[in-house]
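So the chains spell out like this:
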Amino acid sequence: MATQFFIHADTEVAQVVFEYPHFILFLEHFNIDTPLQSKTVAEICQQYQISEALFIAIGNLYLRHEVADSTAITVDDLPTIIHFLNNTHRYYLDDIYPKIERAIQEIQQLNDSKEIALLERFFELYFNEVREHLNYELEVAHPYIEQLYKAASDTEIAPNMMTYSVSDYVEHHDDIEEKLDDLVNLLVKYLPYQKDFHIRRSLFLTLVELDYDLKIHSKIEEQILIPLAQNVEQNLKRKQ
Amino acid sequence: MKLIASILILESSSILYEGLAQVLQPAQHARKVKQIFSFQELESCLELHEDSVVLINPYSVQYNLKEFQQLRSKYLKVSLIAFCHWHVDPKIISQFDAVITVQDTPEMINHTVSQVIQSKKGDTISQNLLLSDREIEVLQLLAQGFTNKQIAYHLNISVHTVNTHRKNISQKTGIKSVSGLTIYAVTNNYVTIDQITLAH
């Protein structure tokens, strides 16, 4: 029985990884790339210059908690949040989606059914949508929020808030997760097997990993990034 | 979401019962929540409404194992969730459908309860999962690239009805996107591969 577990400042980070292996993704997105030894959350945060409140809020989302405690997160955490999300995007675009793509191609070599051919096409279209969505965030939404932050700390002029706003970001938040669910459903429940069992197992586990990260990714955007950015935006508007 | 008849809580401590009843959002799951005190009382409740979820303190099972197992085999539609506040023999726990502990957050508890209710609905899978003739017609047109409006026109029904069919199809198959449903349609020979488009 999994016990309900929360990260605190004095939690030993390596223990969290042992208990929740997917937590390794979280560390990667924060570029925590030295041996953890017996370091606590507070020690790791100090070493990598991450605010404890942010580490704990996102960290607990990675432990499958539904709601992040964002009360202690401040505007000064914005650059770190963006950095974290950009790293996540790199993991999607350069690592896990290409891995899924290769697995589907391998399946196709072993399983020549018409359904698998369709699945490949399905994935190709889906991957294009994902690229489009993530590139939009990387190139439009995140730079805008970074500029808001810089304007709030008076190092740069405010972006044009007439032509774009954080609420556009909310609207553009389309559903990458839905088609991922479909992919998993098709693979597990409907598509015929030929000699591709072992690759499908590995594909399935990869999809589970992606699904895990993607769900948390949306929560970070919805619960942490967007409210924070909206706050900064409103303050700037008031000043103008 | 479908509501079940009742959530029965076999827990002698009123504090724990009240707390649990507070945390559970009964309106989400069931028409009523009731505290009960014995296996006899439980059985009489189940006679009335078999369609129930029962939360039981596993300690009471430990000393009534036989009654518990009889109950299990007699009322197949009932879901049993262990409500633990102390360490319990894992052998006992394994006889339940799910476990809730006093440390669980309200979200977790509600999530567990709704999952148990959802999975019980699956008992009638073979019946439920079959698409109706009308749903198959909608699916076939969808796979061929027709829009909701075109499907409505084609089948002489309202767009609203098309939407309802689509919702039901997605619920039964677990697939939401049109392109995903198209692959499903091919897999089940509802359409041939040269009839379809996979553009959306």
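Reading the values: rules and limits
- Residues numbered from 1 in each chain as written.
- Chains lettered and ligands numbered in written order.
- Predicted model: local features only at pLDDT ≥ 70, side-chain atom pairs only at ≥ 80, totals over all residues.
- Heavy atoms only, no water.
- Domains from an automatic or database assignment.
- Axes fitted to C-alpha atoms, helices over the stretch in contact; angles between N-to-C directions.
- Helix = DSSP H or I, 4+ residues; strand = E, 2+ residues; numbered from the N terminus.
- Parallel < 35°, antiparallel > 145°, perpendicular 65-115°, else oblique.
- Left-handed = near helix turned anticlockwise from the far one by under 90°.
- Contact = heavy atoms within 4.5 Å.
- Nonpolar A, V, L, I, M, F, W, Y, C, P; charged D, E, K, R; others polar.
- Buried area = accessible area lost by both parts, 1.4 Å probe.
- Salt bridge = Lys/Arg side-chain N within 4 Å of Asp/Glu carboxyl O.
- Polar contact = N/O pair within 3.5 Å; in protein donor to acceptor, adjacent residues only side chain to side chain.
- Buried < 20%, exposed > 50% of the residue type's maximum accessible area, 1.4 Å probe, protein only.
- Pairing = 2+ DSSP bridges.
- Core = buried A, V, L, I, M, F, W, Y, C linked by side-chain atoms within 4.5 Å.
- Patch = residues over 30% accessible without salt bridge, like charges linked within 9 Å, V, L, I, M, F, W, Y side chains within 5 Å.
- Areas by Shrake-Rupley, 256 points an atom, 1.4 Å probe, with all protein chains shown as cover.
- pLDDT = per-residue confidence, 0-100.

Moving on, we get to the domain arrangement of chain B. Domain boundaries assigned for chain B yield domain 1 (4-124) and domain 2 (130-195). Taking the mean C-alpha position of each, domain 1 of chain B and domain 2 of chain B sit 38 Å from one another.

We now examine the packing of helix H9 (residues 133-143) of chain B against helix H10 (residues 148-155) of chain B. All names here are of chain B. H10 packs onto H9 with a crossing angle of 130 degrees between their chain directions and a minimal axis gap of 10 Å. Put simply, H9 runs oblique to H10. Every pair of crossing elements has a handedness; the one defined by H9 and H10 is right-handed. Residues Arg-134, Glu-137, Val-138, Leu-141 and Leu-142 of H9 form the contact with H10, whose participating residues are Asn-148, Ile-151, His-154 and Leu-155. Here the residues of the contact of H9 with H10 are counted per class, giving five nonpolar, two polar and two charged.

If you look at the interface, chain A gives 18 residues, while chain B gives 23 residues. Taking both sides of the interface into account, the surface hidden between chain A and chain B amounts to around 1,900 Å²; carbon and sulfur atoms contribute 71%. If you look at where chain A meets chain B, you find zero salt bridges. Viewed at the interface, chain B and chain A are joined by four residue pairs in polar contact (both at pLDDT 80 or more). If you list the elements that add at least two residues to the side of chain A that touches chain B, you get helix H6 (114-152) and helix H8 (176-190) of chain A.

One pass over the full model with this rule turns up twelve salt bridges over all chains. Here Lys-219 of chain A ties to Glu-66 of chain A by a salt bridge, and the two come within 3.7 Å at their closest N and O atoms. Pair noted here: Lys-219 of chain A is in helix H9 (residues 197-239) and Glu-66 of chain A is in the loop between helix H4 (52-62) and helix H5 (78-110), with a separation of 153 residues, a long-range link. Residue classification places Glu-66 of chain A among the partly exposed positions, given a relative accessible area of 44%. Its salt-bridge partner being Lys-74 of chain B, residue Glu-43 of chain B comes within 3.0 Å of it at the nearest N-O pair. In this pair, Glu-43 of chain B is assigned in helix H3 (residues 39-48) and Lys-74 of chain B in helix H5 (residues 65-74), connecting sequence segments 31 residues apart. Judged by its relative accessible area of 30%, Glu-43 of chain B is partly exposed. On the basis of relative accessible area, Lys-74 of chain B is assigned to the partly exposed category, the value being 47%.

Residue and element names in this part refer to chain B. Strand order in this open sheet of five strands is S2-S1-S3-S4-S5, and the pairing throughout is parallel. Strands at the two margins of the open sheet, each flanked by one partner only, are strand S2 (30-36) and strand S5 (98-101). Averaged over all neighbouring strand pairs, the angle between strand axes comes to 20 degrees, with direction disregarded. When strand S1 (residues 4-10) meets S2, the two strands line up parallel, connected through six bridges. The residue of S2 that forms the bridge with Ile-4 is Ala-30. Most of the contacts of H3 go to S2, to which it runs at about 160 degrees, and overall it touches S1, S2 and strand S3 (52-56).

Formed by 107 residues in total, the largest nonpolar core has its most connected members in Phe-23, Phe-55, Tyr-62 and Tyr-97 of chain A. With 17 residues, H6 of chain A is the single largest residue contributor to this core. Not counting residues up to four positions away in its chain, the partners in contact with Tyr-97 of chain A are Tyr-92, Phe-123, Tyr-126, Phe-127, Val-130, Ile-176, Leu-210 and Leu-214 of chain A. Membership of the second largest hydrophobic core comes to 21 residues, among which are Leu-10, Leu-46, Ile-56 and Leu-80 of chain B.

Positioned with a positive phi, Gln-37 of chain A is a non-glycine residue whose angle comes to about 45 degrees. Tracing the backbone through its elements, the reader meets Gln-37 of chain A in the loop between helix H2 (23-29) and helix H3 (41-48).

Once that is clear, we can look at a nonpolar patch on the surface. Residue and element names in this part refer to chain A. A surface patch of nonpolar side chains, about 320 Å² in accessible area, is lined by Val-188, Phe-204, Leu-205 and Val-208. If you tally residues by element for the nonpolar patch, the top one is H9, at three residues. In this structure, Phe-204 sits in helix H9.

We now examine the confidence of the model for chain B. Per-residue confidence for chain B gives a mean pLDDT of 85; residues scoring 70 or more make up 92%. When mean pLDDT is compared element by element in chain B, H10 of chain B scores highest at 96, while helix H8 (residues 125-129) of chain B scores lowest at 49.

All names here are of chain B. Positionally, Thr-164 belongs in helix H11 (residues 159-173). For the pair Thr-164 and Glu-135, spaced 29 residues apart in sequence, the C-alpha to C-alpha distance is 9.6 Å. Within the local environment of Thr-164, its side chain forms a polar contact with the backbone oxygen of His-160, the two atoms lying 3.0 Å apart.

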